[in-house]
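# Structural overview
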Amino acid sequence: MWLPFAITTILLLPSQAYNWTTTISPSPSPLVGATVAIIEDFFAPECSQLYIRRRASNKRNVRFQHDLLGAILPRIEPKIRVQLETIRAEVLNQSRAHNVFFVDDFRAFSEINDKMRVQTYDYSGYFLIIVTDSSRNNFNTVQQIMDDLWSHYVINVAVLLSFDDSPEDAFYYTYFPFSPGYCEQVHPWLWKIYSKGRFVDPKRAFYPKKLKNFYGCPLKMVTFDVPPFMIMGAEFDGTVSGLDGIDGILTRVLSQLLNFTLSIVIMEPPEWGITDKLGSCTGASRVLRQRIVNFTVGFWSMTYRRNRYLGHTFPYYTSLMTTIIPPGPSYSSAEHLLLPYALDTWSCVSAIILIAVSVIIVIKFHGRSAQHFVFGRSITTPLLNTFNIFFGGSLSRLPIRNFSRTLLTFWLLYSIVIRTSYVASLFKFLQSQPNKTLPKYIPQFISAGYHIRMARNYSYIFEAFPRVHAKLQQSNLTNFWASEVNELQDPSTRYIILIPIETVAYLNKQLTKQGKVLRISGDRVYSSKLTIYSQRSSPVLQPFNYILGLIDTAGLINYWASSFSLPIFLIESIEPNGPRQLTVEQIVGCLELLAFGMIASCLVLMIECIIDKWKRSRPRRRRRVRFVR
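Residues numbered from 1 in each chain as written. Predicted model: local features only at pLDDT ≥ 70, side-chain atom pairs only at ≥ 80, totals over all residues. Heavy atoms only, no water.

### Notes on the packing of helix α6 (residues 246-258) against helix α18 (residues 541-553)
Applicable threshold: Angles shown run from 0 to 180 degrees and are taken between the N-to-C directions of axes, each axis being a line fitted to C-alpha atoms and, for helices, limited to the stretch in contact. Runs of E in the DSSP output that reach at least two residues are strands. Runs of H or I that reach at least four are helices, and both are numbered from the N terminus. Under this scheme an angle from 65 to 115 degrees is roughly perpendicular, one under 35 degrees roughly parallel, and one over 145 degrees roughly antiparallel; angles in between are oblique. Note on convention: the crossing is left-handed when the near helix lies turned anticlockwise from the far helix by less than a right angle, right-handed when the turn is clockwise. Throughout, a residue-residue contact means that at least one pair of heavy atoms, one from each residue, lies within 4.5 Å. The residue classification treats Ala, Val, Leu, Ile, Met, Phe, Trp, Tyr, Cys and Pro as nonpolar and Asp, Glu, Lys and Arg as charged. All others, Gly included, are polar.
Viewed as axis vectors pointing N to C, α6 and α18 meet at an angle of 115 degrees, and their least axial separation amounts to 11 Å. By the angle between their axes, α6 is roughly perpendicular relative to α18. Once α6 is placed against α18, the crossing between them reads as right-handed. Contacts from Leu250, Val253, Leu254, Leu257 and Leu258 of α6 reach α18 at Pro543, Phe544, Ile547, Leu548 and Ile551. Its residues assigned to classes, the contact of α6 with α18 comprises 10 nonpolar, no polar and no charged.

Written out as structure tokens, the structure is:
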């Protein structure tokens, strides 16, 4: 008889225990009213959809969280759309900016935190964590939760909870990573209190702006000399005494307006590095990804790979990339004489002279009447007269007949036009073009056999062009200063360098004092959008963007750039402005031609003298005179 009663009692005990947990009603809990007030006053006006997740370490709190949601959802669903993720639901692969987490302890929160990824959560968004267990040391739970969120650089954090000793109140905690007493440290602040159906301090925002002032906290920046963008003054002990340049001034202004102390980490050797997964990064990118520094400035152009692994501000300046080219090879003396006319022009001139000579030779084989008609009477040297007129000489005898005078007039006009245009073109050419013209565009340089040197930072430009990418050669700032500046003064150099146009203007201002110059091709290869890089969702990005917006609107960045990059130093040749005197080297071709003519004339004179002497030395035959009687 007792056995069935004992079995029934044993079976009913678990049911009785489970039903005891269901009797817990969250309706009197201040967490319900506080949560509804936060969602209605902040989240509903701010967003269109709210993401809610819950985790619990024991069954009792699972049921309690379920009842909390049952009391909260009917009051907020008319005002905002809610996406509720149950314990077994998979996390959707989409970015969430407004999130509410229900947890009972830190272990439950860790289950959510372990699955938080930057691809699914917008770390610059807003997070409300509601601790549903009030029977434990919840202040330590708050500290641990905030420590974990700070590891993701989540700033807009609020933790809502209640305590057993104050069952009618809910306490709202947050933290300020930069404050007068704390720098990049998590210290929970009791920010608001919910009591008697309302928050007792309504003037305090639920999510205040926390990064308007860094309170003198030090921020580390990795950089190196990249003139004229980042120019660092050095002390005798190797420390940096000051920053100058476009990016240097910008960094100083940011530190002043946001009130942070700048700590500079110099990258040696100076290299932007490869931005990749954490174990494959190099250079300044590696230091940045390992969170050794807070941000980096110094001609960081936006690329797809960097944006994939790093956080960045909006682009604050656009720099044009161009190519530095060596001077073209010098022209020879013969080329100086021929280059004023193109090949087709010389062909026409030569053809006309050939026709004139042919006509004279043909007429010579005809009778005297034809020669008198074409050349003119008493004109014995028409061929010599033709060349004499063409080169600007004068005639001792003029033809008499109208036809020959007409031919002479047209030939004079033709010769004057040809000579005048040739002399004017030659004079202008010798003044403005001392070297051969090099190609202007990248494909033309490649076809001419030139290589392209550049820093690794710029190689992404040609990733989509395999033919160009095969011609690339890696270079760095050390090699550029050590040898390449001097090599680019030599016409025989067979490579070009890709470099920002601002750097060319800045360096030419210094190099012209040494008699050197960097010439540009005139082609703009690429437009680089400069930005400030940091870790993903770094807390410095949002305040930096705010200050950059103010500076850019005021036009200050372009003003700073104009003081370092003067257009007057963007030159393509070393010639001074205005006309210059012709040198002997430039008219060597004329002198050579004159010497050739004099030698030829002397040879002809010697031949004529020899022939004349030979004729005189021959015995003359005496003429027999017959006398007719």
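### Notes on the sheet that holds strand β19 (residues 472-475)
Operational definition: Note: two strands are recorded as paired if DSSP finds a minimum of 2 bridges between them.
If you trace the five strands from one edge of the open sheet to the other, you get β19-β18-β20-β17-β21, paired in mixed fashion. Taken across any chain shown, the strands that pair with only one partner, and hence form the sheet edges, are β19 and β21 (519-530). Between one strand axis and the next, the sheet turns through 30 degrees on average, direction left out of account. As paired elements, strand β18 (residues 451-455) and strand β20 (residues 495-500) share three bridges and run parallel to each other. Considered in β20, the bridge of Ile452 is made with Ile496. Against the sheet, helix α17 (residues 501-511) makes contact with β17 (317-325), β20 and β21, and its axis sits at roughly 65 degrees relative to β17, the strand it touches most.

### Quick notes on the UniProt feature "transmembrane region" (unreviewed entry) in the chain
Selection rule: UniProt positions are given in the numbering used here, feature names are shortened, and annotations may be inferred rather than shown by experiment.
Residues given the UniProt feature "transmembrane region" (unreviewed entry) here are residues 338-362, 374-391, 411-430, 546-571 and 591-611. End-to-end, the C-alpha atoms of residues 338-362 are 30 Å apart, and along that stretch the chain is 84% helix and 0% strand. For residues 411-430, the helix share is 100%, the strand share is 0%, and the end-to-end C-alpha distance is 28 Å.

### Quick notes on the environment of Ser521
Heads up, the rule is: Polar contact criterion, stated in full: a pair of N or O atoms within 3.5 Å, where within protein one must be able to donate a hydrogen and the other to accept it, and residues adjacent in sequence count only if both atoms are side-chain atoms.
Relative to the helices and strands, Ser521 is located in strand β21. For the pair Ser521 and Pro326, spaced 195 residues apart in sequence, the C-alpha separation works out to 9.3 Å. At 2.6 Å, the side chain of Ser521 forms a polar contact with the side chain of Thr323. Reaching out from Ser521, the side chain makes a polar contact with the backbone oxygen of Lys440 at a distance of 3.5 Å.

### Brief notes about helix α10 (residues 343-364)
Heads up, the condition is: By this rule, a helix spans an expected 1.5 Å times one less than how many residues it contains. Exposed residues in this analysis have more than 50% of their type's maximum accessible area, buried residues have under 20%, and partly exposed residues fall in between, with area computed by a 1.4 Å probe over protein chains only. Our arc is simply the arc of the directions from the helix axis toward the C-beta atoms.
Relative to the 32 Å expected for 22 residues at 1.5 Å per residue, α10 spans 31 Å between its end C-alpha atoms, a close match to the ideal helical length. By the burial criterion, the buried members of α10 are Val349, Ile353, Ala356, Val357, Ile360 and Ile363. Take α10 and look down its axis: the buried residues cluster within an arc of 130 degrees, on one side only. Turned more than 90 degrees from where α10 packs its buried face, Leu343, Asp344, Leu354 and Ile355 sit exposed.

### A word on the pairing of β20
Judged by how many residues are buried, β20 sits mostly within the fold: six of six residues are covered. The side-chain alternation of β20 yields two buried faces, one formed by Tyr495, Ile497 and Ile499 and the other by Ile496, Leu498 and Pro500.

### Topic: the packing of aromatic side chains
Given two aromatic rings, one states the distance between the centres and the angle between the planes to describe the pair. Here is the rule we go by: When the centres of two rings from Phe, Tyr and Trp lie within 6.5 Å, Trp using its six-membered ring, the rings pair. Their planes under 30 degrees apart give stacked, over 60 give edge-to-face, and anything left gives tilted.
For the structure shown, the criterion picks out 33 aromatic pairs. Here Phe260 and Phe544 contribute two aromatic rings whose centre-to-centre distance is 6.0 Å and whose plane-to-plane angle is 35 degrees, an arrangement assigned as tilted. With Phe260 in the loop between α6 and β14 (261-266) and Phe544 in helix α18, the pair connects residues that are 284 residues apart, well separated along the chain. Taken as a pair, Phe260 and Phe544 share a single burial class, namely buried. Look at Trp300 and Tyr533: their rings are 5.9 Å apart centre to centre, the planes differ by 65 degrees, and that puts the pair in the edge-to-face class. Here the residue Trp300 occupies a position in the loop between β15 (295-296) and α8 (304-309), and Tyr533 occupies one in strand β22 (residues 533-534), the gap between them amounting to 233 residues. There is no split in this pair, since Trp300 and Tyr533 are both buried.

### Let's talk about the sheet that holds β15
Judged by pairing direction, the sheet is mixed, and its five strands sit side by side in the order β14-β11-β15-β22-β16 without closing on themselves. One side of each edge strand has no neighbouring strand; the edge strands of this open sheet are β14 and β16 (311-312). Relative to β22, β16 is paired through two bridges, and the arrangement is antiparallel. Bridging across to β22, His312 finds its partner in Tyr533.

### So, the pattern of salt bridges
What counts, and what does not: Salt bridges are defined as contacts in which a side-chain nitrogen from Lys or Arg sits within 4 Å of a carboxyl oxygen from Asp or Glu.
For the structure shown, the criterion picks out seven salt bridges. Between Lys79 and Glu40 there is a salt bridge; the shortest N-O distance is 3.1 Å. Here Lys79, found in the loop between α3 (59-76) and β2 (81-85), pairs with Glu40, found in helix α2 (residues 30-46); they are 39 residues apart in sequence, far enough to count as distant. On the accessibility criterion, Glu40 (26% relative accessible area) is partly exposed. Put simply, Arg55 and Glu111 hold a salt bridge, and the shortest N to O gap is 3.7 Å. Of this pair, Arg55 sits in the loop between β1 (49-54) and α3 while Glu111 sits in helix α4 (residues 106-113), and the two are 56 residues apart along the sequence. The class of Arg55 is buried, set by a relative accessible area of 5%.

### Some words on the state of the cysteines
Selection rule: By convention in this document, the label disulfide applies to cysteine sulfur atom pairs within 2.5 Å.
For the structure on display, the rule yields one disulfide. A sulfur-sulfur separation of 2.1 Å characterises the disulfide bridge that pairs Cys183 with Cys217. As the torsion about the S-S bond is roughly -80 degrees, the Cys183-Cys217 disulfide counts as left-handed. Separated by 34 residues along the polypeptide, Cys183 in strand β8 (residues 182-183) and Cys217 in the loop between β10 (198-199) and β11 (218-223) bring together distant segments of the chain. A residue is classified by how much of its surface remains accessible, and Cys217, at 0% relative accessible area, is buried.

### Looking at a nonpolar patch on the surface
Under the convention used in this document: Like-charged residues within 9 Å of one another, or nonpolar side chains (Val, Leu, Ile, Met, Phe, Trp, Tyr) within 5 Å, are grouped into patches, provided each residue has over 30% relative accessible area and no salt bridge. Per-residue and other accessible areas were derived by the Shrake-Rupley procedure at a 1.4 Å probe size, with only the shown protein chains allowed to occlude residues.
A cluster of nonpolar side chains, contributed by Ile599, Leu603, Met606 and Ile610, occupies part of the molecular surface with about 420 Å² of accessible area. Within the fold, Leu603 resides in helix α20 (residues 588-617).

### Topic: the nonpolar core
What counts, and what does not: To define a nonpolar core, start from buried Ala, Val, Leu, Ile, Met, Phe, Trp, Tyr and Cys residues and group those joined through side-chain atoms within 4.5 Å.
The biggest cluster of nonpolar side chains holds 104 residues, and the ones touching the most others in it are Ile129, Val159, Phe295, Tyr316, Tyr458 and Ile532. The leading source of residues in this core is α6, at six residues. With residues near it in sequence (within four places) discarded, Ile129 still touches Phe101, Val103, Phe109, Ile145, Leu149, Val157, Ala158, Val159 and Leu160. Core analysis: the next-biggest nonpolar cluster, separate from the first, contains 34 residues, Phe42, Leu160, Tyr194 and Tyr207 among them.

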